[in-house]
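Okay, here's what each chain looks like letter by letter:
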Amino acid sequence: MKKSVISAAVAALALGVAFAAPAKAAGVSACLITKTDTNPFFVKMKEGATAKAKELGVTLKSYAGKIDGDSESQVAAIESCIADGAKGILIAASDTKGIVPSVKKARDAGLLVIALDTPLEPADSADATFATDNLLAGKLVGQWAKETLGDKVKDAKVGFLDLTPSQPSVDVLRDQGFMIGFGIDPKDPNKIGDETDPRIVGHDVTNGNEEGGRKAMENLLQKDSSINVIHTINEPAAVGAYQALKAVGLEKQVLIVSIDGGCPGVKSVKEGVIGATAQQYPLMMASLGVEAIKKFADNGEKPKPTEGKSFFDTGVSLVTDKPVSGVKSIDTKEGLGKCWG
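Here is what the cut-offs are and how they apply
Residues numbered from 1 in each chain as written. Predicted model: local features only at pLDDT ≥ 70, side-chain atom pairs only at ≥ 80, totals over all residues. Heavy atoms only, no water. Helix = DSSP H or I, 4+ residues; strand = E, 2+ residues; numbered from the N terminus. Buried < 20%, exposed > 50% of the residue type's maximum accessible area, 1.4 Å probe, protein only. Contact = heavy atoms within 4.5 Å. Axes fitted to C-alpha atoms, helices over the stretch in contact; angles between N-to-C directions. Parallel < 35°, antiparallel > 145°, perpendicular 65-115°, else oblique. Left-handed = near helix turned anticlockwise from the far one by under 90°. Nonpolar A, V, L, I, M, F, W, Y, C, P; charged D, E, K, R; others polar. Pairing = 2+ DSSP bridges. Right-handed = clockwise from strand over helix to strand, strands pointing away. Disulfide = S-S within 2.5 Å. Phe/Tyr/Trp six-rings, centres within 6.5 Å; stacked < 30°, edge-to-face > 60°. Polar contact = N/O pair within 3.5 Å; in protein donor to acceptor, adjacent residues only side chain to side chain. Core = buried A, V, L, I, M, F, W, Y, C linked by side-chain atoms within 4.5 Å.

## Some points on the overall build of the protein
Helices and strands together make up the secondary structure of the protein, namely eleven helices and twelve strands. Viewed in the frame of its principal axes, the protein has a C-alpha envelope of about 95 × 35 × 35 Å. Counting every position in the protein, which comprises 341 residues, the buried fraction comes to 52%. Of all intrachain contacts in the protein linking residues separated by at least 6 positions in sequence, the fraction that spans at least 24 positions is 70%.

## Some thoughts on the packing of helix H7 (residues 210-223) against helix H8 (residues 235-247)
Orientation of H7 relative to H8, taken along the N-to-C sense of each, is 50°, at an axis distance of 6 Å. In terms of their interaxial angle, H7 and H8 are classed as oblique. In the packing of H7 onto H8, the handedness of the crossing is right-handed. Contacts between H7 and H8 involve Glu210, Gly213, Arg214, Met217, Glu218 and Leu221 on the former and, on the latter, Pro236, Ala237, Val239, Gly240, Ala241, Gln243, Ala244 and Leu245. Residue composition of the contact of H7 with H8, grouped by class: eight nonpolar, three polar and three charged.

## Section: the pairing of strand S1 (residues 29-34)
A large share of S1 lies buried, amounting to five of its six residues. For S1 and strand S2 (residues 59-64), the ladder comprises six bridges, and the chain directions are parallel. The residue bridging leucine 32 from the neighbouring strand is serine 62, located in S2. Following the chain from S1 across helix H2 (residues 40-56) to the adjacent parallel S2, one finds a crossover that is right-handed.

## Regarding the state of the cysteines
Scanning all chains against the criterion turns up two disulfides. Two residues share a disulfide in this structure: cysteine 263 and cysteine 339, whose sulfurs sit 2.0 Å from each other. Between cysteine 263 and cysteine 339, the disulfide has an S-S torsion of 90° and is therefore right-handed. Here the residue cysteine 263 occupies a position in helix H9 (residues 263-270), and cysteine 339 occupies one in the segment after helix H11 (332-338), the gap between them amounting to 76 residues. The residues cysteine 263 and cysteine 339 share a single accessibility class, namely buried. Sequence-ordered numbering of the bonded cysteines in the protein gives a disulfide pattern of 1-2, 3-4.

## Focus on the packing of aromatic side chains
Evaluated as defined, the whole model comprises five aromatic pairs. Residues phenylalanine 178 and phenylalanine 182 carry aromatic rings whose centres are separated by 5.3 Å and whose planes lie at 15° to one another, so their mutual orientation is stacked. Taken together, the residues span about one helical turn, with phenylalanine 178 and phenylalanine 182 both in helix H6 (residues 169-182) at a distance of four residues. Comparing phenylalanine 178 with phenylalanine 182 shows no difference in burial state: the two are buried. Connected via pairs of aromatic rings, a cluster forms that spans Phe41, Phe42 and Trp340.

## A short note on the environment of glutamate 195
Looking at the secondary structure, you find glutamate 195 in the loop between H6 and strand S7 (200-205). Looking at glutamate 195, the relative accessible area reads 13%, which means it is buried. For the pair glutamate 195 and glycine 262, spaced 67 residues apart in sequence, the C-alpha to C-alpha distance is 30 Å. Ignoring sequence-local partners within four residues, the contact set of glutamate 195 consists of Gln176, Met179, Asp185, Pro186, Lys187, Ile200 and His203. Side-chain polar atoms of glutamate 195 contact the backbone nitrogen of glycine 193, separated by 2.9 Å. Side chain to side chain, glutamate 195 and histidine 203 meet in a polar contact 2.9 Å long.

## Examining the nonpolar core
Trp144, Phe178 and Phe182 are the most contacted members of the largest nonpolar core, which has 25 residues in total. Elements represented by at least two residues in this core include exactly helix H5 (134-149), strand S6 (158-162), H6, strand S9 (255-260) and strand S10 (276-279). Per element, the largest residue contribution to this core is six residues, and it comes from H5. Every residue in contact with tryptophan 144, bar those within four places of it in the chain, is listed here: Leu255, Val257, Gly275, Ala276, Leu318, Thr320, Lys322, Val324 and Val327. Counting 23 residues, the second-largest nonpolar core is a separate cluster that includes Ala49, Leu90, Ile114 and Val290.

## Concerning the sheet that holds strand S8 (residues 229-232)
Across the sheet, which stays open at both edges, the six strands sit in the order S7-S6-S8-S9-S10-S12 with mixed pairing between neighbours. Each end of this open sheet is capped by a strand with a single partner; those strands are S7 and strand S12 (317-319). Pairs of neighbouring strands in the sheet enclose a mean axial angle of 15°, with direction left out of account. Bridge count for S9 against S10 is four bridges, and the pairing is parallel. For isoleucine 259, the partnering residue across the bridge sits in S10 and is alanine 278.

## What about the sheet that holds S2?
In sheet architecture, strand pairing relies on hydrogen bonds along the backbone and comes in two forms, parallel and antiparallel. With parallel pairing, the six strands of this open sheet are ordered in space as S2-S1-S3-S4-S5-S11. Both edges of this open sheet fall to S2 and strand S11 (312-313), since each of them pairs with a single strand only. Sheet strands touched by H2: S1, S2 and strand S4 (112-116). Its angle to S1, the strand with the most contacts, is close to 175°.

Rendered as structure tokens:
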């Protein structure tokens, strides 16, 4: 009897090893979930993740929303990643609050979840965030616009071309940062649109693309045709705004600032379409994210934030060919050497 029990135990152990070996051979898998697969920012993010995954032997699956704001597709992607047995998820969330229950489900299933570019709300809903300091990015372009206007800043007419009605954290941070840099009291730092500064003409949403930027600019011009400063959520929206202004002969009246730093955006700065932009580095975000998932899979270690911050800061630079006193910047030549897309 004892011999039979021992034999059965050895057989079971051998069976366990037999099952364990293929699992180890399968390697580490990870998921990248972006807002869209058309915005150059997310295209470069995917390139960075793909290259790093290949280097480290990680199997990467990529997903994206149909448009900026398509949270349903991102929820479905998280479900797929859990079902596929991924070790981690990198996500640039469209709905930073609405996605939290799905992220919790993934973390409860043992996956490492890293927010890229856009912090979740609350931020600790993810295991870590790899991002630009979006508040600082907004401050930089706000300070530049303020210094560029000089004494005229007190009579400015400012419009904001935002992202989506859900006000994702990246949208709020960039808006509030611009206001702080420009000298506008943002009121509630977690909300867009509650400001009382009479210089603000209004806010409109763009879905982060050119067509949305054009329509939003047209709407703001109907409110006040004397508008002379525009802050845009990203460079595609900025180009759309410029098209709308040019169509009515007002392109020289309005100072446009933006954030992203993609190659098309930096070229727009060089051409005078955009006055200044804050450049961020999506390839670094994604490649570091894949490295973190591999490390987590290997030894369970989770990434730590940059010292003094609640997230891992991947850097930001102001890009302009018209530098101003007191605001550090790089020119478009240097910006084109660091750009993406």
